[in-house]
Amino acid sequence: MQFRYRTLSLLFLLISCGPNKEAIMSAQAYIDEYTSTLLDLYYASARAEWASNTRIVEGDTTNASRTNRANEAMALFTGSSGNIETARRFLKNRRQLEPLQVKQLEGILYAAANNPQTVPDLVKARIAAETAQVEKLYGFEFHIDGGSVSTNEIDDILRTSDDLQERLAAWSASKEVGPELRAGLVNLVRLRNGTVQALGYDDYFQYQVSNYGLSTGEMVDMMDKFNRELRPLYRELHTFYRYGLAEKYGAEVPDLIPAHWLPNRWGQDWAALVSVEGFDLNAALEQKSAEWLVKQAERFYVSLGYPQLPQVFWEKSSLYPLPEGAAYKKNNHASAWHLDLDGDIRSLMSVEPNSDWYETVHHELGHIYYYMAYTNENVPPLLREGANRGYHEAVGSLMGLAATQKPFIQGIGLDVGAGEVDQIQTLLKEALNHVVFIPWSSGVMTYFEKDLYEGPLPEEEYNRHWWDLKAKFQGIAPPMERDESYTDAATKTHINNDAAQYYDYAVSVILLFQLHSHIAAEILHQDPHATNYFGSVETGKFLWSIMKTGSSGDWQGLLKEKTGKDLSAQAMLDYFEPLYEWLREQNAGRSYTLPDLD
């Protein structure tokens, strides 16, 4: 397939230094034509990907084939030599163009770098490899003691069981898929690097980071800064639970926490270790349906002054677990989808009435409303994304945090207990979600993927390097010897199908506390530990003003404009200061074994 574009003969003769009407008109004609073709191909690709994620039938290659064809067609277009050459020529005279046009042309080149048709065989092979990897990951059947189990069942054991042998069996089961994914991951590293190197990037990690307008070094420096700022607090948490969990399980206090002691497959969220007295959200949700959780989350956003979710969301989303005995599987990892960059918005979840899914539903609808906000006439389709990728996650996480604070919960009529809530225990639970996440996201995941692509990391070092990073940043050790017959990193979905972007989540956590601090102090005038966003139209307007611009401006300037501050962990440190002082008292006389950061 070939794509041809009409270009004005005057296009490459323009030499003026300032904005030029004819240059602007020529650039817009090209951008409009590119956008029109892209939207059709993008929608076809997204629908195919949706089918590949929501209906996985063992042995049936129909969806995989359709996804490959749709992605190849889009890659052929976005990475065409004509698009690369045309965008580059316009950008050579960028000062003649409107800023919004420059942003779109840069986006066209960025998309081309992932699919350059100067190396068509590499691109085709990468697309096929990514599709195969996703199907292998989500079509995998996990087992405990010979019986098939879902990932939800594995997670439930790790959250609730006091039996170390049962915990070990569940944790081990969660890693069974790793060896199945190693060869595919090795191949994807080669293909992803080769693809973007064709357009001058050093490696795939650098390519993804460039979306922020940063170099690899600048991104890693920002991640290191977050880690250093939060390390004292994380060290106190790590020490507190080394001793507490050892006592619980009747074991010697370890230097590194065994991975199966923790309530999450990757040790990225320890919140299930704490049950806050006077605040039992799980008990409050037991009598609710999964459907109630989703509708209640919609009611929250509507209370902020936002519209109801469109009918297409309810008709086409996949929101709940598959019925028992279903003849196919689906991806159980929660996600939000903007399939046509216009009105077709959907979510893929497996909602059950518990506190984890309650928070997740509010988070995913945050993405959905972000899509709705920037789908407007002032934001061209090519710029319909977050101010940066971290902003999207920040808005979702912010709404998840807001929806779990007690005044909010009580305000929507959920009975989580009438007694006084212990602030320290509440902060502890929140810290085990958010603070614990920073060394995982900005440390383990960021460094592993940087080394995976930048090195590239030798295949025979995958597992060793993974556990070295987990020891260094998280202070976590495997419960048993994990040699190179395992590929534990590959059990994390993002390593396979959302590659080299996990720092987005670290940015989002820092950003969410900065936004929450601003909302609490400047809009609600409430204690940031006990807010109630529900019904606050002013809060809704503030967030909408951030979301509605998409990526049409500078993400750093947007934050400064809306909050008066640059991105910093200070708001997060302030939020958890009472907990930090309490932990220091609890840990008096105990040994600290979390390694210092270089």
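Residues numbered from 1 in each chain as written. Predicted model: local features only at pLDDT ≥ 70, side-chain atom pairs only at ≥ 80, totals over all residues. Heavy atoms only, no water.

1. Topic: the overall build of the protein
Now for step 1: Helix and strand counts for the protein come out as 25 helices and six strands.
Now for step 2: At 24 Å, the protein has a C-alpha radius of gyration in line with the 25 Å of a compact globule built from 598 residues.
Now for step 3: Projecting the C-alpha coordinates of the protein onto the three principal axes gives extents of approximately 80 × 55 × 50 Å.
Now for step 4: Burial statistics for the protein: of 598 residues in total, 57% are counted as buried.
Now for step 5: In the protein, the proportion of contacts linking residues at least 24 apart, taken out of those at least 6 apart, comes to 78%.
Now for step 6: Here the protein displays about 24400 Å² of accessible surface, and carbon together with sulfur accounts for 48% of that area.
Now for step 7: Once the 53 positive and 81 negative side-chain charges of the protein are each reduced to a mean point, those two points are 6 Å apart. (Helix = DSSP H or I, 4+ residues; strand = E, 2+ residues; numbered from the N terminus. Rg over C-alpha atoms; globule rule 2.2 N^0.38 Å. Buried < 20%, exposed > 50% of the residue type's maximum accessible area, 1.4 Å probe, protein only. Contact = heavy atoms within 4.5 Å. Areas by Shrake-Rupley, 256 points an atom, 1.4 Å probe, with all protein chains shown as cover. Lys, Arg positive; Asp, Glu negative; His and termini not counted. Charge placed at Lys NZ, Arg CZ, Asp CG, Glu CD.)

2. Here we look at the packing of aromatic side chains
Now for step 1: Using the criterion set out here, one finds 40 aromatic pairs in the structure.
Now for step 2: A centroid spacing of 6.0 Å and a plane angle of 45° characterise the contact between Phe 437 and Tyr 502, whose relative ring orientation is tilted. With Phe 437 in helix 18 (residues 437–454) and Tyr 502 in the loop between helix 20 (493–497) and helix 21 (503–524), this residue pair connects regions lying 65 residues apart in the sequence.
Now for step 3: Given the relative accessible area of 10%, Phe 437 is considered buried.
Now for step 4: Note on Tyr 502: relative accessible area 3%, which makes it buried.
Now for step 5: Taken together, a centroid distance of 5.3 Å and an interplanar angle of 85° make the contact between Phe 448 and Trp 466 edge-to-face. Taken as a pair, Phe 448 in helix 18 and Trp 466 in helix 19 (residues 462–474) lie far apart in primary sequence, 18 residues in all. The exposure classification of Phe 448 matches that of Trp 466, with both residues buried.
Now for step 6: Three or more aromatic residues joined by ring pairs make a cluster, and in this case those are Phe 300, Tyr 301, Tyr 306, Tyr 369, Phe 408, Phe 534 and Trp 544.
Now for step 7: One cation-aromatic arrangement involves Lys 472 over Tyr 447; the distance from NZ or CZ to the ring centre is 5.8 Å.
Now for step 8: Looking at Lys 492, its charged tip hangs above the ring of Trp 266, at a distance of 4.1 Å from the centre. (Phe/Tyr/Trp six-rings, centres within 6.5 Å; stacked < 30°, edge-to-face > 60°. Lys NZ or Arg CZ within 6 Å of the ring centre and 35° of its normal.)

3. Describing the nonpolar core
Now for step 1: Counting 178 residues, the largest nonpolar core has Tyr 358 and Phe 576 as its most contacted members.
Now for step 2: With 13 residues, helix 10 (residues 216–248) is the largest single contributor of residues to this core.
Now for step 3: In this structure, Trp 50, Trp 337, Leu 339 and Leu 348 belong to the second largest nonpolar core, which totals five residues. (Core = buried A, V, L, I, M, F, W, Y, C linked by side-chain atoms within 4.5 Å.)

4. Quick word on the pairing of strand 4 (residues 335–338)
Now for step 1: What you see with strand 4 is no split at all: Ser 335 and Trp 337 on one side and Ala 336 and His 338 on the other are buried throughout.
Now for step 2: Summarising the sheet, strand 4 and strand 5 (residues 345–348) pair through four bridges and their orientation is antiparallel. The partner of His 338 across the bridge, within strand 5, is Ile 345.
Now for step 3: Counting the residues between successive antiparallel strands, the hairpin from strand 4 to strand 5 contains six residues, one of them, Leu 341, with a positive phi of roughly 55°. (Pairing = 2+ DSSP bridges.)

5. What about the packing of helix 5 (residues 120–138) against helix 8 (residues 178–197)?
Angle between the axes and distance between the axes: these two values describe a pair of packed helices.
Now for step 1: It is the contact of helix 5 with helix 8, at a shortest axis distance of 9 Å, that shows an interaxial angle of 150°. Considering their axes alone, helix 5 and helix 8 lie roughly antiparallel with respect to each other. Of the two elements, helix 5 crosses helix 8, and the hand of that crossing is left-handed. Contact with helix 5, carried on its side by Leu 122, Val 123, Ala 125, Arg 126, Ala 129, Glu 130, Gln 133, Lys 136 and Leu 137, involves Glu 180, Leu 181, Gly 184, Leu 185, Asn 187, Leu 188, Arg 190, Leu 191, Arg 192, Gly 194 and Thr 195 of helix 8 and no other residues of that element.
Now for step 2: Taken together, the residues of the contact of helix 5 with helix 8 sort by class into nine nonpolar, five polar and six charged. (Axes fitted to C-alpha atoms, helices over the stretch in contact; angles between N-to-C directions. Parallel < 35°, antiparallel > 145°, perpendicular 65-115°, else oblique. Left-handed = near helix turned anticlockwise from the far one by under 90°. Nonpolar A, V, L, I, M, F, W, Y, C, P; charged D, E, K, R; others polar.)

6. Points about helix 8
Now for step 1: Between its first and last C-alpha, helix 8 extends 28 Å over 20 residues, near the 28 Å set by a 1.5 Å rise per residue.
Now for step 2: The largest bend in helix 8 amounts to roughly 30° and is located at Gly 184. (Expected span 1.5 Å × (residues − 1). Bend = angle between axes of the 7 residues up to and from the residue.)

7. Description of the environment of Asn 53
Now for step 1: By the secondary structure assignment, Asn 53 is in helix 1 (residues 21–54).
Now for step 2: Classification of Asn 53 by relative accessible area gives buried; the value is 7%.
Now for step 3: Considered as a pair, Asn 53 and Gln 311 are 258 residues apart in the sequence and their alpha carbons are 21 Å apart.
Now for step 4: Beyond its immediate stretch of four places on either side in the chain, Asn 53 contacts Val 134, Lys 330, Asn 331, Trp 337 and Leu 348.
Now for step 5: In terms of polar contacts, Asn 53 uses its side chain to reach the backbone carbonyl oxygen of Glu 49, at 2.8 Å. (Polar contact = N/O pair within 3.5 Å; in protein donor to acceptor, adjacent residues only side chain to side chain.)

8. Details of the layout of surface pockets
Now for step 1: The space that makes up the second largest pocket amounts to roughly 300 Å³.
Now for step 2: Surrounding the second largest pocket, 18 residues form its lining, Gln 514, Ser 517, His 518, Lys 565 and Ala 571 being those nearest its centre.
Now for step 3: Contributions of two or more residues to the lining of the second largest pocket are made by helix 21 and helix 24 (570–575).
Now for step 4: At eight residues, helix 21 tops the list of elements feeding residues into the lining of the second largest pocket.
Now for step 5: A breakdown of the residues in the lining of the second largest pocket according to their chemical character gives six nonpolar, eight polar and four charged. (1 Å grid on protein atoms, 1.4 Å probe; cavity = no way out; pocket = protein on both sides within 12 Å on 5 of 7 lines; lining within 4 Å. Points joined across faces, edges and corners; volume = space filled by probe spheres on them.)

9. Focus: a negative patch on the surface
Now for step 1: The grouping of Asp 574, Glu 577, Glu 581 and Glu 585 at the surface amounts to a negative patch.
Now for step 2: No other element matches the three residues that helix 25 (residues 577–586) contributes to the negative patch.
Now for step 3: Along the polypeptide, Glu 577 turns up in helix 25.
Now for step 4: Classification of Glu 577 by relative accessible area gives partly exposed; the value is 37%. (Patch = residues over 30% accessible without salt bridge, like charges linked within 9 Å, V, L, I, M, F, W, Y side chains within 5 Å. Salt bridge = Lys/Arg side-chain N within 4 Å of Asp/Glu carboxyl O.)

10. Some thoughts on helix 12 (residues 290–303)
Now for step 1: Between its terminal C-alpha atoms helix 12 stretches 20 Å, which fits the 20 Å expected from 14 residues at 1.5 Å a residue.
Now for step 2: When helix 12 is considered as a whole, its buried residues turn out to be Ala 290, Trp 292, Leu 293, Val 294, Gln 296, Ala 297, Glu 298, Phe 300, Tyr 301 and Ser 303.
Now for step 3: Elements that come into contact with the buried residues of helix 12 comprise helix 11 (281–285), helix 13 (311–316), helix 14 (355–374), helix 15 (389–402), helix 16 (406–411) and helix 22 (537–547).

11. Things to note about the confidence of the model for the protein
Now for step 1: This prediction gives the protein a mean pLDDT of 94; 97% of its residues lie at or above 70.
Now for step 2: For the stretch residues 1–16, pLDDT sits under 50, and the model shows 24 contacts to residues farther than four places along the chain or on other chains. (pLDDT = per-residue confidence, 0-100.)

12. Remarks on the packing of helix 10 against helix 21
Now for step 1: Running from amino to carboxyl end, helix 10 crosses helix 21 at an angle of 50°, the nearest separation of the two axes being 11 Å. By the angle class used here, helix 10 and helix 21 are oblique. The two elements helix 10 and helix 21 meet at a crossing, and its hand is left-handed. Along its contact with helix 10, which presents Met 219, Met 222, Met 223, Phe 226 and Leu 230, the element helix 21 presents Tyr 503, Ala 506, Val 507 and Ile 510.
Now for step 2: Grouping the constituent residues of the contact of helix 10 with helix 21 by class yields nine nonpolar, no polar and no charged.

13. Overview of the environment of Glu 449
Now for step 1: Position of Glu 449 relative to the elements: it lies in helix 18.
Now for step 2: Counting along the chain gives 245 residues from Glu 449 to Tyr 204, while the straight-line C-alpha distance between them is 9.3 Å.
Now for step 3: Ignoring any residue separated from it by four or fewer positions in sequence, one finds Glu 449 in contact with Phe 205, His 494, Ile 495, Ala 499, Ala 500, Gln 501 and Tyr 502.
Now for step 4: A polar contact is formed between the side chain of Glu 449 and the backbone nitrogen of Ala 500, at a distance of 2.9 Å.

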